[in-house]
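A structural walkthrough
Below, each chain spelled out in residue letters.
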Amino acid sequence: MSIKIFNTMTRQKEPFVPLEEGKVKMYVCGPTVYNYIHIGNARPAIVFDTVRRYLEYRGYDVQFISNFTDVDDKLIKAANEMGSDVPTIAEKFINAYHEDTCALGVQKADAHPRVTETMPEIIEFIDNLVKKGFAYEAAGDVYFKTRSFEGYGKLSHQSIDDLKSGARIEVGEKKEDPLDFALWKAAKEGEIYWESPWGKGRPGWHIECSAMAKKYLGDSIDIHGGGQDLAFPHHENEIAQSEALNEAPMAKYWMHNGYINIDNEKMSKSLGNFVLVHDLVREQDPQVIRFFMLAVHYRNPINFSQELLEVAETSLNRIRTAYENLKHRLTVTADLAEDSDKWAKVIDDTRAKFITDMDDDFNTANAISILFDFSKEANVYLQERNTSKAVITDFIHLFDELAGVLGLTLQKEEELLDEQIEALIEERNQARKDKNFSRADEIRDLLKEQNIILEDTAQGVRWKRDK
RNA sequence: GGCGGCAUAGCCAAGUGGUAAGGCACGGGUCUGCAAAACCCUUAUCCCCCGGUUCGAAUCCGGGUGCCGCCUCCA
């Protein structure tokens, strides 16, 4: 049995066969860091974090890259409005992104490249496209000549002529064709800029992902992911840029997660109905948010509401309670029963079913239903007068194993909190050893915000809560 | 106009040819000093509607209705 992935390019589930046996190269489009992320941004973060965890669980060596767009029009606008500058705004919201996604159980990528740190590669990429005749310079801008790339529209399954009717030229643009898109934008007066062969300016939106994927993962990658709205035009343009230059398929599998609606309406600034993760996690257990997202298949839309979130919490608590029941029994009873083949089989079957469901295009909704079934099995077992510590331990281990694949922790909240603190302290210790004192201080400040005081003593670090 | 998605019990949600998972809520029962937790039973003769293919369809095909997304920055 192998993993199957729904590929947007072919519109069907395909067996997953990586380019290089045992290895997976994954690139997921990250946020433009001009504000705190909303729950719509959180979905791809959680979905693709789960994909990554599952691929690793299945034995793949996964290289996971996710970018930050830290310079673009929205950032420039935000900086002006806040009376700040682009690097300051970007830095602030990159830190906030890490904080918010960490709360949601999202692991850091192997690298989080930023546009501003990839400038030489981006410029070289554009330069080579110009040299190959796929792009042209026009008064300080550089545009990609869309019609020069055969196969444009293959991801979104649109013919280039159908697209043309929807395309438009903004006033003042110097495109030769409405479908052409910007690779490089000349800087206006007072705007942040970088030097380039075409003068002072900054990259267009799409080029960064092409340049970063190439820099970190090579000309062809296994999985490219993002929200479904990125399929067109963003990913279509990435394909055009990358394949025109590299002459190799950019990605083998294209994955797109569905939208989140608020009370059945699309989240948007104009409707004022967007929910920031930063605000939500103050009143809602982040694990519940993650559970809520994974309870629906990643390609389907999710409707978000406070009521549904509360139902999700009740549901998750059923699993958590079963887990706690097991832990509690372990501490209060003796080892009174023999090991049993019957329960060993339940455990093996549960793992097998979980894998079957996840293999099928990461069907986390089904995988979670397996956890419910397993919770019931655990409770049934605990009804027996005499139980075996080994069996109970096996139950607990499997809970940890499977919930871990989904990025969920079943520990009680207080315990979880302590564990997180310990983990952060450990990370800080390492940072101090590495003489990365800025990161060490960052962690100390982070904990201080949570009223956790760290004290470095000769015997090591101790911490206490500042009441 | 082009491309695409969705419609399954009161609610949420899997299931893409073999006879309706799971969760929440509701009702009945068991256990229990109380409470909690838990267990058992019950809850869709049927999957938007109409045709068709098939031994057999929620699942495939045709038509219809309703809702939604992309085609412009967007997760």
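Residues numbered from 1 in each chain as written. Chains lettered and ligands numbered in written order. Predicted model: local features only at pLDDT ≥ 70, side-chain atom pairs only at ≥ 80, totals over all residues. Heavy atoms only, no water.

1. Observations concerning the overall build of chain A
Across its full length, chain A holds 15 helices and 15 strands. A compact globule built from 467 residues would reach a C-alpha radius of gyration of about 23 Å, and chain A, at 25 Å, matches this within 12%. Principal-axis analysis of the C-alpha atoms gives chain A an extent of 80 × 55 × 45 Å. Within chain A, the proportion of its 467 residues that are buried is 50%. In the structure as shown, chain A presents an accessible area of about 22,200 Å², 48% of it carried by carbon and sulfur atoms. Side chains of chain A give 58 positive and 81 negative charges; the mean places of these two sets differ by 1 Å. (Helix = DSSP H or I, 4+ residues; strand = E, 2+ residues; numbered from the N terminus. Rg over C-alpha atoms; globule rule 2.2 N^0.38 Å. Buried < 20%, exposed > 50% of the residue type's maximum accessible area, 1.4 Å probe, protein only. Areas by Shrake-Rupley, 256 points an atom, 1.4 Å probe, with all protein chains shown as cover. Lys, Arg positive; Asp, Glu negative; His and termini not counted. Charge placed at Lys NZ, Arg CZ, Asp CG, Glu CD.)

2. With respect to the protein's contact with RNA strand B
Around RNA strand B sit 43 residues in total, of which Trp-205, Gly-227, Lys-266, Ser-315 and Asn-366 are the nearest. If you look at RNA strand B and keep only atoms within 4 Å of the protein, 82% of those are sugar or phosphate atoms. Within the backbone of Ser-156, one N or O atom sits 3.5 Å away from a sugar or linking oxygen of RNA strand B. Asn-363 places a polar side-chain atom, nitrogen or oxygen, 3.0 Å from a phosphate oxygen of RNA strand B. Listed by contribution, the elements that provide at least two residues to the surface near RNA strand B are helix H1 (39-57), helix H5 (160-166), strand S9 (221-227), helix H10 (306-332) and helix H12 (364-382). Across the surface near RNA strand B, the residue classes tally to 13 nonpolar, 22 polar and eight charged. (Near = heavy atom within 4 Å. Polar contact = N/O pair within 3.5 Å; in protein donor to acceptor, adjacent residues only side chain to side chain. Nonpolar A, V, L, I, M, F, W, Y, C, P; charged D, E, K, R; others polar.)

3. Side note on the pairing of S9
Burial of S9 is extensive: seven of the seven residues sit out of reach of the surface. Two elements, strand S3 (residues 23-28) and S9, share three bridges in a ladder whose sense is parallel. Counted as the bridge partner of Val-28 is Gly-225 from S9. Bridging between S9 and strand S10 (residues 251-257) involves six bridges; their strand directions are parallel. Looking at the pairing, Gly-226 lines up with His-256 of S10. Once the chain exits S9 it traverses helix H7 (residues 231-246) before rejoining the sheet at S10, and the crossover so formed is right-handed. (Pairing = 2+ DSSP bridges. Right-handed = clockwise from strand over helix to strand, strands pointing away.)

4. Comments concerning the environment of Asp-348
If you trace the backbone, Asp-348 turns up in helix H11 (residues 341-359). Each C-alpha atom of the pair Asp-348 and Asn-41 lies 36 Å from the other, and the pair is 307 residues apart in sequence.

5. Here we look at the domain arrangement of chain A
One frequent convention defines the size of an interface as the accessible area lost when the parts assemble. Domain parsing of chain A yields domain 1 (4-257), domain 2 (279-405) and domain 3 (413-465). Placing a centre on the C-alpha atoms of domain 2 and another on those of domain 3 gives a separation of 30 Å. (Domains from an automatic or database assignment.)

6. Quick notes on the packing of aromatic side chains
Aromatic rings considered in pairs are described by the distance between their centres and by the relative angle of their planes. Taken as a whole and judged by the stated rule, the model has 18 aromatic pairs. Taking the centre distance of 5.5 Å and the plane angle of 75 degrees together, the rings of Phe-16 and Tyr-60 count as edge-to-face. Of the two residues, Phe-16 is situated in the loop between strand S2 (12-15) and S3 and Tyr-60 in the loop between H1 and strand S4 (61-66); the sequence distance between them amounts to 44 residues. Its relative accessible area of 3% is what places Phe-16 among the buried residues. The structure contains a cluster of three or more aromatic residues connected by ring pairs, namely Tyr-323, Trp-343, Phe-374, Tyr-381, Phe-395 and Phe-399. (Phe/Tyr/Trp six-rings, centres within 6.5 Å; stacked < 30°, edge-to-face > 60°.)

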